[in-house]
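# Structural description and commentary
Here's the letter readout for the chains.
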Amino acid sequence: MLAKLITLASLTAIALARISCKVPAIGGGEDDGPAINAAFKRCAKKSKVVLDKYYVVDTLLLTEDLDDVEIELSGTVQYTPDIAKWSPQSLYLTYQNATTFWFLSGNNIHLYGGGTLDANGQVWWDTYNRTHDSGTAGGSSTTFARPIPLTVGNATNVVIQDLRQIGSPFWNNFVYQSTNITYQNINIRTVSYSSSPTANSDGWDIYRSSYVTVRDSVVNNDDDCVSFKPNSTNIVVANMWCNGSHGISVGSLGQYAGETDIVANVSVTNITMLNAQNGARIKVFGGNPDPQSTVGGGSGFVKNITFRDFHVENVDNPIYINQCYSTDAAVCAQYPSMVSISDVHYFNITGTSSGKEGNVVVDIECSATCEDVTAAGTNLTSPDGTAGYVCKNIASEAQLDFDCTAPTDD
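Let me begin by describing the structure that accompanies this report. (Residues numbered from 1 in each chain as written. Predicted model: local features only at pLDDT ≥ 70, side-chain atom pairs only at ≥ 80, totals over all residues. Heavy atoms only, no water.)

What follows deals with the nonpolar core. Judged by nonpolar contacts, the single largest core of 93 residues is most densely connected at Phe228, Ile248 and Tyr346. By residue number, the principal contributor to this core is strand β24 (residues 360-376), which donates seven residues. Discounting chain neighbours no more than four positions away, the residues touching Phe228 are Ile206, Ile235, Val237, Ile248, Ser249, Val250, Gly251, Leu253, Val263, Val266 and Val268. Grouped together as the second largest cluster of nonpolar side chains are ten residues, Ile148, Phe170, Trp171 and Phe174 included. (Core = buried A, V, L, I, M, F, W, Y, C linked by side-chain atoms within 4.5 Å. Buried < 20%, exposed > 50% of the residue type's maximum accessible area, 1.4 Å probe, protein only. Helix = DSSP H or I, 4+ residues; strand = E, 2+ residues; numbered from the N terminus. Contact = heavy atoms within 4.5 Å.)

Set out below in structure tokens:
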């Protein structure tokens, strides 16, 4: 009887054991991409893929249909700086012409290990600095692809933690049409070592996704620390340290005429924002009479957004709402934004502005009336004198804990 029980236990353990695929590195600068793709095909279900070497990747990583897979990335994945090759071969994702080096897709995926994604961004930044070949509002172009190091797309129940990302040509992470995605303890450094600045180096962009959490991470870059793109709902961002960025941003939204963009139920908590262009930001395109417009005219709404315990140091616009983003002022005055903004709350926004906008520390301007915008515990100072607060078309000024003044250009 005991022998039968032991045999049964052994068979159960074997049944529950994960298949493991450990990927060797070829070395000598040869392309490890095909071997990585092959490992994910072999170990696509109830398996583990181990990436513990230094890998050169010159092939699109297309790892789809995964189910209950662990990925131990304790080594380095470095993409080749071959613009001519990557422009046609990186995976096209349509929105703002984004493309990616690695498309990770499936259900119940855990990526961890303390390793590094190195995207070799310097050659892209230097080229972009010469050509300025880009799309609208920080998008890419169809003639000069700048791939994203890691896209989680068409995925559910994914955890990504304990990774380092360096040198992205474009956004660092893209959450694309996915649900229940968590990032934790990610260290992002996108910093140029030449006279060419980095470009569009967002830490995270979230698009058509829900129940996404980004927390406990460090970002050094020159664009949004985290950006909530169209149709991002039920998002949590917490315990972040962002340096050099454009802020934690709702948007941009309303770029494409005829499309409906929604961002709702967002909580941003315990943020340190240093040496940045913006702090807590909402950016929405104005209207546009052209039914084919790609520079405004979309509809939708921003609703139930909370920024709490948000500390800024040397930040140009600590609190910023712009409902005429990338829109000519005259056009926006005639065609106000069709993306409504309401139910936006600021609690305990503290620190100092840079003084770049004079004494203004809050600039919340709507082209159409914004409803239920509140603030409590605001304690912001400017190096350029007594702090100023600019408001336009805010229906709930009485619920702000500062005295608004009208913009000077009105």
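Turning to its location among the elements, Cys21 is positioned in strand β1 (residues 19-22). Residue class for Cys21 comes out buried when judged on its relative accessible area of 5%. Residues Cys21 and Ile36, 15 residues apart in the sequence, show an inter-C-alpha distance of 9.4 Å. Those residues in contact with Cys21, other than ones at most four positions away along the chain, are Ala39, Arg42, Cys43, Lys48, Val49 and Val50.

Pairing between side chains of opposite charge can happen when their charged atoms approach one another. If you walk through the whole model with that rule in mind, you get ten salt bridges. As a salt-bridge pair, Lys53 and Asp52 come within 3.1 Å of each other at their nearest N and O atoms. In this structure Lys53 comes out as partly exposed when scored by relative accessible area, which is 35%. You can call Asp52 partly exposed: its relative accessible area is 25%. Asp224 is the salt-bridge partner of Lys283, the closest N and O atoms lying 3.0 Å from each other. A residue pair is termed long-range when its members are at least 10 positions apart, and Lys283 in strand β20 (residues 278-285) and Asp224 in the loop between β15 (209-220) and β16 (226-228) qualify at 59 residues. (Salt bridge = Lys/Arg side-chain N within 4 Å of Asp/Glu carboxyl O.)

Of all seven residues in strand β26 (residues 388-394), five are buried; the element is thus mostly enclosed. Examined bridge by bridge, β24 and β26 share six bridges and lie parallel to one another. Within the sheet, the bridge partner assigned to Val360 lies in β26 and is Gly388. (Pairing = 2+ DSSP bridges.)

Secondary-structure assignment places Ser252 in strand β18 (residues 248-253). In this structure Ser252 comes out as buried when scored by relative accessible area, which is 1%. Ignoring sequence-local partners within four residues, the contact set of Ser252 consists of Tyr95, Gln96, Ala137, Lys229, Pro230, Lys283, Phe285 and Tyr325.

These figures come from the coordinates and say nothing about function on their own.
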